[in-house]
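# Results of the structural survey
Chain residues, written in single-letter form:
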Amino acid sequence: MDGGTTVAGTVLVAEKVGIKVFVTGGIGGVHRDVETSMDISADLMEMSRSSVTVVSSGIKSILDIGRTSSILSKKLLLDLYNVLMSNVLMSNVLMSNV
């Protein structure tokens, strides 16, 4: 038997069985005709909500690489902001207890 999954499917399974990191050839993203098709890969949503780290060679070349990169970078910046803010809030809580 042969089979395959999307990155989104693999992220779901990896999370369930405790795999923290996996490697794939290419990730899905925003399709070039997104204005009419509204076709955005579930890979982006699953990677954004999961704690599993996905190592990839890049975005699949048939996709809109610019738009996909934009979504990924905005997500990364938002995650970084949230981590920094949680650290600031934690520091403020600790300092107020001194």
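No experiment lies behind these values; they were computed from the predicted model shown.

Here is what the cut-offs are and how they apply
Residues numbered from 1 in each chain as written. Predicted model: local features only at pLDDT ≥ 70, side-chain atom pairs only at ≥ 80, totals over all residues. Heavy atoms only, no water. Helix = DSSP H or I, 4+ residues; strand = E, 2+ residues; numbered from the N terminus. Buried < 20%, exposed > 50% of the residue type's maximum accessible area, 1.4 Å probe, protein only. Areas by Shrake-Rupley, 256 points an atom, 1.4 Å probe, with all protein chains shown as cover. Arc of directions from axis to C-beta. Contact = heavy atoms within 4.5 Å. Salt bridge = Lys/Arg side-chain N within 4 Å of Asp/Glu carboxyl O.

## Thoughts on the overall build of the protein
Each helix and strand in the protein was counted, giving four helices and two strands. For the protein, the sequential pattern of α-helices and β-strands runs α-β-α-α-β-α. In the protein, which comprises 98 residues, the proportion classed as buried is 22%. Of the roughly 7000 Å² that the protein leaves accessible, carbon and sulfur atoms contribute 65%.

## What about helix H1 (residues 7-17)?
Helical geometry note: an α-helix holds 3.6 residues per turn, so side chains three or four residues apart project in the same direction. Buried residues of H1: Val7, Ala8, Val11 and Ala14, and no others. The buried side chains of H1 occupy one side of the element, clustering within an arc of 125° when seen end-on. The exposed residues of H1 that point more than 90 degrees off its buried face are Val13, Lys16 and Val17. Looking at the buried side of H1, the elements it contacts are strand E1 (21-24), helix H3 (42-49) and strand E2 (53-56). Positioned one or two residues after H1, Gly18 has a phi angle of 85°, which is positive.

## Looking at the environment of Val11
Its place among the elements puts Val11 in helix H1. Considering only alpha carbons, one finds Val11 and Phe22, eleven residues apart in sequence, at a separation of 8.3 Å. The contact partners of Val11, leaving out residues within four places of it in the chain, are Phe22, Glu46, Met47, Ser50, Val52 and Val54.

## Here's the deal with the pattern of salt bridges
Counting across every chain of the model gives four salt bridges. Close ionic contact of Glu15 with Arg49 constitutes a salt bridge, the shortest N to O distance being 2.9 Å. Here Arg49 lies in helix H3 and Glu15 lies in helix H1, a separation of 34 residues in the sequence. The class of Arg49 is partly exposed, set by a relative accessible area of 41%. For Arg67, the salt bridge goes to Glu35, with nearest N and O atoms at 2.6 Å. Here Arg67 is found in helix H4 (residues 65-96), whereas its partner Glu35 is found in helix H2 (residues 34-37), with 32 residues between them in sequence. For Glu35, a relative accessible area of 53% gives the class exposed.

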